[in-house]
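Topology and contacts: notes
One letter stands for each residue in the lines below.
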Amino acid sequence: MCTGIVETATVSGSGKGPQGWFKLERVNVSYDHPTDALLEHALNIDFVSQKEGPGARVAVELSSESARKLVEVILTTLSRGEAERLG
Amino acid sequence: MHRYTTDMYEGMLAETVMLQGYNGDMINAYYARPLGPGTVPGVVLIHHMPGWDELYREFTRKFAHHGYLAISPNIYYRFGHGSPDDVSAKVRGSGGVADDSVVGDVEGSVRFLKSLPLCNGKVGVFGTCSGGRQAFLAACKLDTLDAAVDCWGGNVVQPKEKLTPKQPVAPIDYTKDLSCPLLGLFGEEDQNPTPQQVDTLEEELKRYRKNYEFHMFPKAGHGFFYYDRPAYRQEQAVDGWKKLFTFFEKHLGTKS
């Protein structure tokens, strides 16, 4: 199915695409057909820079289980890093 | 159906062209046609959500092989250029392509085909996935189409909470304006459209006494023609293509 489910957020940082590093502006997170992953639906994350065109993209297509693990490890890592910095 | 023998001449031209689409914009399109004398019908192919990709070029050539002037407009043209998946990702992140834009691009593609001396004057529309939805929409909004094929188009029955400024009206609400015969191919394991949503659309088609033909394929889900995806179902795909070409031959005619 084509869900059309997408959430977006403004982000800052850098990403490495086919042309090298570029400044990130936005992340688009969708739950829809993947292009490459052998799944009917995937949690797709695209870090993009609209200024630099469609090719400025860092993309991942994850299974739902993998996406949840990613969320967990990001939050855990952030918590540990911020605790150490503040401690 | 394409009928040929091993002693026949066969040739095809396939290339990208420019045509005037929505709002008078020039957009690119992939065009394929059989070589040889006579006139033939035309088909506009609306590519799926994953983009104006290799699969849709193959589909376009498949139609040409079967004796059609076939054109697949790049309905994502206005989002810029790059690899099909990068452009598709940009469209997805922008909330999709506007319905009016797609209908305008299909209208321009029909005009392009009908202007060709090779065309027999009949043009159909075909689309899969989001393109299936848009094929139905175009068949309702335009009066220049002679047949339409909707392959598993999701969100034809579109709940109010899924309407957006780009997709402001559920296509089912235009059913009364459907201007040509419709073929629908669906999988019983699909989640969008679900079999129940297909039933809802069918009820609406009956209500307005429209000419339609629906086939619900068992043991198939969404995208069962896509041989490069896990959703591919060989038996159902072969049968689906057969039904599709029979339908177009009936309503668009054949080479003369």
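This is a predicted model, so every value here is computed, not measured.

Remarks on the interface of chain A and chain B
- Each partner contributes residues to the interface: chain A has 20 residues there, and chain B has 27 residues.
- Ranked by residues supplied to the side of chain A that touches chain B, first place goes to strand E4 (residues 26-32) of chain A with three residues.
- The residue inventory of the side of chain A that touches chain B, partitioned by class, reads seven nonpolar, nine polar and four charged.

A look at the sheet that holds strand E6 (residues 147-151) of chain B
All names here are of chain B.
- Here eight strands make up an open sheet; going across it, the order is E1-E2-E4-E3-E5-E6-E7-E8 and the pairing mixed. What marks the edges here is a single partner per strand, and that holds for strand E1 (12-20) and strand E8 (212-217). Neighbour-to-neighbour, the strand axes of this sheet turn through a mean angle of 20°, independent of strand direction.
- Looking at chain direction, E6 and strand E7 (residues 182-187) are connected through four bridges and run parallel. Bridge pairing in E7 places Asp150 opposite Gly184.
- Of the strands in this sheet, E7 and E8 are in contact with helix H5 (residues 195-207), which crosses E8 at around 165°.
- Taken strand by strand, helix H6 (residues 234-252) contacts strand E3 (40-46), strand E5 (119-128), E6, E7 and E8, and its axis lies near 165° from that of E6.

Structural notes on the confidence of the model for chain B
- Looking at chain B as a whole, the pLDDT averages 96, with 99% of positions reaching at least 70.
- In the predicted complex, the global pTM is 0.93; the interface-specific ipTM is 0.86.

Details of the nonpolar core
- Of all hydrophobic cores here, the largest spans 70 residues; its most connected members are Val125(B), Ala139(B) and Ala148(B).
- When sequence neighbours within four positions are dropped, the list of residues in contact with Ala148(B) reads Gly124(B), Val125(B), Ala135(B), Phe136(B), Ala139(B), Cys180(B) and Leu182(B).

Some remarks on the sheet that holds strand E6 (residues 57-62) of chain A
All names here are of chain A.
- The four strands lie next to each other as E1-E4-E5-E6, forming an open sheet whose pairing is antiparallel. The two strands at the open ends of the sheet, each matched to only one other strand, are strand E1 (5-10) and E6. On average, each strand axis in the sheet is inclined to that of its neighbour by 15°, with strand direction left out of account.
- Relative to strand E5 (residues 42-48), E4 runs antiparallel, the two being bridged by seven bridges. If you follow Arg26 over to E5, its bridge partner there is Val48.

What about H6(B)?
Residue and element names in this part refer to chain B.
- Between its first and last C-alpha, H6 extends 26 Å over 19 residues, near the 27 Å set by a 1.5 Å rise per residue.
- Buried residues of H6: Gln236, Gly240, Leu244, Phe247, Phe248, His251 and Leu252, and no others. Take H6 and look down its axis: the buried residues cluster within an arc of 100°, on one side only. Exposed side of H6, more than 90 degrees from the buried face: Gln234, Glu235, Val238 and Lys242 are the residues found there.
- At the exit of H6 stands Gly253, carrying a positive phi of roughly 85°.

Calculation criteria
Residues numbered from 1 in each chain as written. Chains lettered and ligands numbered in written order. Predicted model: local features only at pLDDT ≥ 70, side-chain atom pairs only at ≥ 80, totals over all residues. Contact = placed C-beta atoms within 7 Å. Helix = DSSP H or I, 4+ residues; strand = E, 2+ residues; numbered from the N terminus. Nonpolar A, V, L, I, M, F, W, Y, C, P; charged D, E, K, R; others polar. Pairing = 2+ DSSP bridges. Axes fitted to C-alpha atoms, helices over the stretch in contact; angles between N-to-C directions. pLDDT = per-residue confidence, 0-100. Core = buried A, V, L, I, M, F, W, Y, C linked by C-beta atoms within 7 Å. Buried ≥ 20, exposed ≤ 12 C-beta atoms within 10 Å, placed from the backbone. Expected span 1.5 Å × (residues − 1). Arc of directions from axis to C-beta.

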